[in-house]
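# Remarks on the overall topology
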Amino acid sequence: MSRRELVWAAAVFLVALVVWGAFAAGELFIGDSPELAGAAARLGVAHPPGYPTFLLVSHLFLGPACTLSIPIATAANALALLAAAAGVSLFWLGLRRFGLSRIPALIGALAWACGPLVTGQGLTYEVHALQHLLLGGLFLFIGRTAAGEEAGSPREGLALAFFAGMVLTNHYSAAVLLPLVVWGLGRTLRGVEKGRRALWLGLAAAAFILPLSAYLYLPLRAGADLAFDYGMTGNLPNLWAHLTGMGYAQGYLAQGASAQALPAAGRAVFDSIPWPLWAIVPLGLVELFRERRGLAVAGLITPLLFVPLLLFYRIVDPLDYLAPLVMLAAFWCALGAERLGSYLKERRLLGAALAGAAAALCLGWWLVSGMEARRPLSGRLARAGAEDFLRELTP
């Protein structure tokens, strides 16, 4: 990776950090944020499915904050901002690894970052901000296997398998991107000698499973702090119920599962990308089918996996699970922008006009929907005792 590439990535990170930082919350939100902050500070057990990676990473911030008498809300919100901004930067690097030029990759990164869904998740201390970081890293690892026409190296494939397993220990929603992971592993497998492919597949499976051992955190920390022990996961039935969300989302494969949430999910994904950019998505998909049909098919399968996820968890409000689909849509937007860029290089006036109109409308969408939607933050903050509650329970 060249120095110029790192400078661009750092610039993307700083822009996202500054813009989101200007609208960051000064307190913790009502809802899961106080519970997660307390569980992270005390290394307790959070609500299903437990989020072990999120708790361990958060503890690195909140543990010292308690020791140094830094307000927990300050440390928690700083972690959310840093993670979400880093996720935008890693996503940009991932788009570059897919062979996109800098400007189309930047358009894709902005399309990901500017929508109200991703913006809102990046401004609050919740599991989703760290998920943005991990999703960006996952796209980077997939892109590394896609670089060039040759198959990816075996080491890159093993790294991809390991990172894919680690992302699942933070939030299950990343499972919908597994078709892209399988595509990347398939490209890597082509570069492995035929006599060693079975061994490599075994190593890849082990690399994927190894980070899932982070869920052992749940039984190991069960009962360690009764104030932050959601589910008493010290025995196998309770652990299974915790991992599958039973008792938290009215069971798994529950009767009358929320298929009615599908239209709401589709509308939320559409609204999370600046609408002018959807006009160039078909250009990107057509080009993708021409050059990498397997990747295009894997991308189209990905949204279908959201349906069993809805049924499994009986999700009534799907917004918390849509970040991977929004990132995939932003990837398609970047591909479309790359195609428009080729029109510009060929001096096609229609392409230039479309690109300028898309950029102007994207900016307007960002100003109206991305930032304006965050202005009522002060009315949603958990000022009613959340900080006092955590201060009493943390040393």
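Heads up: the structure comes first, above all this text.
Residues numbered from 1 in each chain as written. Predicted model: local features only at pLDDT ≥ 70, side-chain atom pairs only at ≥ 80, totals over all residues. Heavy atoms only, no water.

### Structural notes on the overall build of the protein
Heads up, the condition is: What counts as a helix is a DSSP run of H or I of at least four residues, what counts as a strand is a run of E of at least two, and both are numbered from the N terminus. The buried label applies to any residue whose accessible area, calculated with a 1.4 Å probe on protein chains only, is under 20% of its type's maximum; exposed applies above 50%, and partly exposed to all values in between. Whether two residues are in contact is decided by their heavy atoms: any pair within 4.5 Å suffices. For every accessible area listed, the method is Shrake-Rupley and the probe measures 1.4 Å; residues are considered covered only by the protein chains on display.
Per the secondary structure count, the protein includes 19 helices and zero strands. Relative to its full complement of 395 residues, the protein shows a buried share of 51%. Long-range contacts, defined here as pairs at least 24 residues apart, represent 79% of the contacts in the protein between residues at least 6 apart. Just so you have it, the protein exposes about 17700 Å², and 67% of that area is on carbon and sulfur atoms.

### Quick notes on the environment of Gln121
Relative to the elements of secondary structure, Gln121 occurs in helix α6 (residues 116–122). Its relative accessible area of 6% is what places Gln121 among the buried residues. For the pair Gln121 and Asp320, spaced 199 residues apart in the sequence, the C-alpha separation amounts to 8.4 Å. Once you skip the residues sitting within four places of it in the chain, Gln121 turns out to touch His128, Ala129, His132, Leu319, Asp320 and Ala323.

### Here's the deal with the packing of helix α8 (residues 154–168) against helix α9 (residues 178–190)
Using the following cut-off: For helices, the fitted line uses only the C-alpha atoms of the stretch in contact; every axis is such a line through C-alpha atoms, and the angle between N-to-C directions lies from 0 to 180 degrees. Any angle from 65 to 115 degrees is called roughly perpendicular, while one under 35 is roughly parallel, one over 145 is roughly antiparallel, and all others are oblique. In this scheme the crossing of two helices becomes right-handed for a clockwise turn of the near helix relative to the far one and left-handed for an anticlockwise turn of less than a right angle. Just so you know the grouping, Ala, Val, Leu, Ile, Met, Phe, Trp, Tyr, Cys and Pro go in nonpolar, Asp, Glu, Lys and Arg go in charged, and all remaining residues, Gly too, go in polar.
α9 packs onto α8 with a crossing angle of 160° between their chain directions and a minimal axis gap of 9 Å. With respect to α9, the axis of α8 lies roughly antiparallel. Between α8 and α9 lies a crossing whose hand is left-handed. Here Pro154, Gly157, Leu160, Ala161 and Ala164 of α8 lie close against α9, whose contacting residues are Val181, Gly184, Leu185 and Thr188. Its residues assigned to classes, the contact of α8 with α9 comprises six nonpolar, three polar and no charged.

### Quick word on the side chain of Glu5
What counts, and what does not: Polar contacts, as counted here, are pairs of nitrogen or oxygen atoms within 3.5 Å of one another; within protein the pair requires one atom able to donate a hydrogen and one able to accept it, and residues that are adjacent in sequence qualify only if both atoms are side-chain atoms.
Looking at the secondary structure, you find Glu5 in helix α1 (residues 3–21). The exposure class of Glu5 is buried, given its relative accessible area of 3%. In this structure the side chain of Glu5 is engaged in a polar contact, spanning 2.7 Å, whose partner is the side chain of Arg96. At 3.4 Å, the side chain of Glu5 forms a polar contact with the side chain of Arg97.

### A word on the environment of Ala111
Mapping Ala111 onto the fold places it in helix α5 (residues 102–114). Sequence spacing of Ala111 and Leu277 is 166 residues, and the spatial spacing of their C-alpha atoms is 7.9 Å.

### Some words on helix α3 (residues 52–67)
Note: α-helices contain 3.6 residues per turn, so residues at a spacing of three or four share the same orientation. To keep it simple, the criterion reads: Expected helix span is given by 1.5 Å per residue-to-residue step, counting one fewer step than there are residues. Two axes enter the definition of the bend at a residue: one is fitted to the seven residues ending there, the other to the seven starting there, and the bend is the angle between them.
Compared with an ideal rise of 1.5 Å per residue, which puts 16 residues at 22 Å, α3 spans 22 Å between its outermost C-alpha atoms and is within 8% of the ideal. By the largest-angle criterion, His59 marks the main kink of α3, which is about 40°. For α3, the set of buried residues is Pro52, Thr53, Phe54, Leu55, Ser58, Leu62, Gly63, Ala65 and Cys66. Elements that come into contact with the buried residues of α3 comprise α2 (32–42), α4 (72–97), α7 (127–146), α8 and α11 (217–221).

### Some remarks on the nonpolar core
Under the convention used in this document: What is meant by a nonpolar core is a set of buried Ala, Val, Leu, Ile, Met, Phe, Trp, Tyr and Cys residues, joined one to another through side-chain atoms within 4.5 Å.
In this structure, Leu62, Phe91, Trp112, Tyr125, Leu138, Phe306 and Phe331 are the most contacted members of the largest nonpolar core, which totals 109 residues. If one sorts the elements of this core by residue count, α4 sits on top with 15 residues. Those residues in contact with Trp112, other than ones at most four positions away along the chain, are Val88, Phe91, Val118, His132, Leu135, Ala323, Val326, Met327 and Ala330.

Any link to function would need more than the numbers given here.
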